[in-house]
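Descriptive structure summary
Residue strings, one per chain:
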Amino acid sequence: MASAHHVSGPVLILGTGLLGASVGLGLSRLGVDVRLSDPSPTAQLVAQDIGAGRVLGAGEALDPQLVVVAAPPDVAAAVVRDALRAYPGATVIDIASVKVSILHALQDDVDAGRLSAVQLGRYVGTHPMAGREKSGPAAARGELFTAMPWVVCAHPESDPASVRIAADAAIDLGATVVRLGAEEHDAAVALVSHFPQIASSLLASRLMNAPAHALALAGNGLRDTTRIAASDPKLWIQILSHNSAELVEILHGLREDLNRLIGTLEDPGADGALLDLAELMSQGNAGQARIPGKHGAPPQAFAVVTVIVDDRPGQIAELLTAVGEAGINLEDLRMEHSSGHQVGMVEISVLPGRSAELTEFLIQRKWKVIQ
């Protein structure tokens, strides 16, 4: 049965990669009429096969309420411009990772007479802060945007009705709407998304010629910090080049910190060297502590109960069942395998006032809890 939704449709999705197909899946499950179009016939057929919508037929007439441009940053502005021309009654949004360069390109189109100011008013830049390391429609998930931030960037010429439709689409997909200007958005994502990608990729590149015995010692720390290094390089080349001005400023700051650290480590016995290292690490602690956790709460809001489990099928399910039987809400979960041993550690985050209760409950049921 279709659920209630704000967007009436039809919705046309231009680009059926991971994000475009995920939008199609989410809206189609709500009963919205979704049409799909992609330069790749294979990609759009795969998106159709997984239930993201129906491929728009050649020459098929369509009067969409909403057009979602899910194209890479280097072509997004051109696709938006063409959609604004082709569908005069539609709100057109893009879901690219950068906003300023696309908006400026469209404003240039207005100045050059390729678009009218009225047409530009139907455009709203947006950015769902969600994704996966995998790409393509086969990796799409209808729940990809659930509880994730979805940035809506109205510009001075935006039609309020189009801004409302853009926000409604995000809400229908389960996202949390965040309203920012294009410049604010690009500065924010440079720090919390684009810069981490660079740092992860640079770190992972150091492993290319690492000896096998060193990599055999790798634990979750290395896996966590290099996870996003597996992302699509073709897409990231475009994202980084389109947001280069914001990134350069951040990288200059990183270079200063690296030069400071290198100078300290070249003479760790010098006066004040250890204090300098302690300050650098403490600054990292302070920054990490500001990252919101579940429901926007800081990580310190939760206590961690660590349980040793055997590496066999069903162990995690049994543990989660036990936590449920204790009547305690699981706030977060992290697993780490022990290298060379058939055991692992499961870190269960709960409210601080319930950690002792959960520990006692699990011990009574013969679970191995680290205290």
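Residues numbered from 1 in each chain as written. Predicted model: local features only at pLDDT ≥ 70, side-chain atom pairs only at ≥ 80, totals over all residues. Heavy atoms only, no water.

Let me state the cut-off plainly: UniProt positions are given in the numbering used here, feature names are shortened, and annotations may be inferred rather than shown by experiment.
An unreviewed UniProt entry lists the protein chain under the name Prephenate dehydrogenase, with Zhihengliuella salsuginis as the source organism. Taken verbatim from the UniProt record of the protein chain, the Sequence similarities (unreviewed entry) comment is "Belongs to the prephenate/arogenate dehydrogenase family." Taken verbatim from the UniProt record of the protein chain, the Pathway (unreviewed entry) comment is "Amino-acid biosynthesis; L-tyrosine biosynthesis; (4-hydroxyphenyl)pyruvate from prephenate (NAD(+) route): step 1/1."

**Side note on the packing of helix 13 (residues 315–325) against helix 14 (residues 355–364)**
For clarity, the threshold we go by: Helix axes are fitted only over the stretch in contact, all axes being lines through C-alpha atoms; the angle between N-to-C directions runs from 0 to 180 degrees. Note on conventions: DSSP H or I runs of at least 4 residues are helices, E runs of at least 2 residues are strands, and numbering of each starts at the N terminus. Just so you know how the angles are binned, under 35 degrees is roughly parallel, over 145 roughly antiparallel, 65 to 115 roughly perpendicular, and the rest oblique. Helix crossings are classified by the rotation of the near helix relative to the far one: an anticlockwise turn of less than a right angle makes the crossing left-handed, while a clockwise turn makes it right-handed. Whether two residues touch is decided by their heavy atoms; if any such pair falls within 4.5 Å, the residues are in contact.
Two elements in contact, helix 13 and helix 14, have axes separated by 10 Å at closest approach and are oriented at 125 degrees. Taken as axis vectors, helix 13 and helix 14 run oblique relative to one another. Read as a crossing pair, helix 13 and helix 14 show a hand that is right-handed. Residues Leu319, Ala322, Val323 and Glu325 of helix 13 form the contact with helix 14, whose participating residues are Leu358, Phe361 and Leu362.

**As for the sheet that holds strand 8 (residues 176–179)**
Rule in force here: Here the rule is simple: two strands pair whenever DSSP picks up at least two bridges between them.
Read from one edge of the open sheet, eight strands run 3-2-1-4-5-6-7-8, paired in mixed fashion. The open sheet has two edge strands, strand 3 (54–55) and strand 8, and neither has a second partner. As judged from the four bridges shared by strand 7 (residues 149–153) and strand 8, these two strands associate in the parallel manner. Residue pairing across strands places proline 149 opposite threonine 176, the latter belonging to strand 8. Sitting on the sheet, helix 6 (residues 160–172) touches strand 4 (66–69), strand 5 (91–94), strand 6 (123–128), strand 7 and strand 8, and the angle it makes with strand 8 is about 145 degrees.

**Re the environment of glutamine 288**
Defined as follows: Exposure is judged per residue with a 1.4 Å probe applied to protein chains only, and the accessible area is read against the type maximum: over 50% gives exposed, under 20% gives buried, and values in between give partly exposed.
Counting through the fold element by element, glutamine 288 comes out in helix 12 (residues 273–289). Note on glutamine 288: relative accessible area 45%, which makes it partly exposed.

**What about the side chain of serine 349?**
For serine 349, the location among the structural elements is in strand 11 (residues 343–350). Each residue touching serine 349, except ones within four places of it in the same chain, is listed here: Phe302, Ala303, Val304, Asn329, Leu330, Glu331 and Asp332.

**Points about helix 14**
Short version of the rule: Directions pointing from the helix axis toward each C-beta atom define the arc.
Three or more residues of helix 14 are buried, namely Ser355, Leu358, Thr359, Phe361 and Leu362. Summarising the axial view, the buried residues of helix 14 lie within an arc of 165 degrees, below the 170-degree limit, and thus occupy one face. Projecting away from the buried face of helix 14 at angles above 90 degrees are the exposed residues Ala356 and Gln364. Of the surrounding elements, those touching the buried residues of helix 14 are strand 9 (303–310), helix 13, strand 11 and strand 12 (368–370). With its phi angle positive at about 70 degrees, lysine 366 sits one or two positions after the end of helix 14.

**Describing the environment of threonine 16**
Defined as follows: Here a polar contact means two N or O atoms within 3.5 Å. Within protein one must be a hydrogen donor candidate and the other an acceptor candidate, and residues neighboring in sequence count only if both atoms are side-chain atoms.
Turning to its location among the elements, threonine 16 is positioned in the loop between strand 1 (11–14) and helix 1 (18–29). With a relative accessible area of 1%, threonine 16 lands in the buried category. Sequence spacing of threonine 16 and serine 37 is 21 residues, and the spatial spacing of their C-alpha atoms is 7.0 Å. Not counting chain neighbours up to four residues away, the residues in contact with threonine 16 comprise Ala21, Leu36, Ser37, Asp38, Ala43, Gln44, Ala47 and Pro137. One polar contact links the side chain of threonine 16 to the main-chain carbonyl oxygen of alanine 43, over a distance of 3.4 Å.

**Overview of the packing of aromatic side chains**
In this description, an aromatic ring pair is defined by two values, namely the gap between the centres and the angle between the planes. This is how the line gets drawn: Side-chain rings of Phe, Tyr and Trp (the six-membered ring for Trp) are treated as a pair once their centres are within 6.5 Å; stacked means planes under 30 degrees apart, edge-to-face means over 60, and tilted covers the remaining angles. Our definition puts a charge over a ring when NZ of Lys or CZ of Arg is within 6 Å of the ring centre and also within 35 degrees of the ring normal.
This model, assessed by the stated rule, comprises one aromatic pair. Ring centres of phenylalanine 145 and tryptophan 150 lie 5.1 Å apart, and the angle between their planes is 55 degrees; this geometry places the pair in the tilted category. Since its relative accessible area comes to 1%, phenylalanine 145 is described here as buried. According to the relative accessible area criterion, tryptophan 150 is buried, its value standing at 2%. One Lys or Arg, arginine 365, reaches over the ring of phenylalanine 361 and ends 3.6 Å from the middle of that ring.

**Side note on the pattern of salt bridges**
For clarity, the threshold we go by: Whenever a carboxyl oxygen of Asp or Glu lies within 4 Å of a side-chain nitrogen of Lys or Arg, that contact is scored as a salt bridge.
The full count for this structure, using the stated rule, is 14 salt bridges. A salt bridge links arginine 35 to aspartate 33; the shortest N-O distance between them is 3.1 Å. With relative accessibility at 33%, the residue aspartate 33 sits in the partly exposed group. Among the salt bridges present, the one from aspartate 94 reaches lysine 99, with a minimum N-O distance of 2.9 Å. Residue classification places aspartate 94 among the buried positions, given a relative accessible area of 0%. Among the residues examined, lysine 99 registers a relative accessible area of 2% and is labelled buried. In this structure, a network of salt bridges that share partners links the residues Asp33, Arg35, Arg54 and Glu60.

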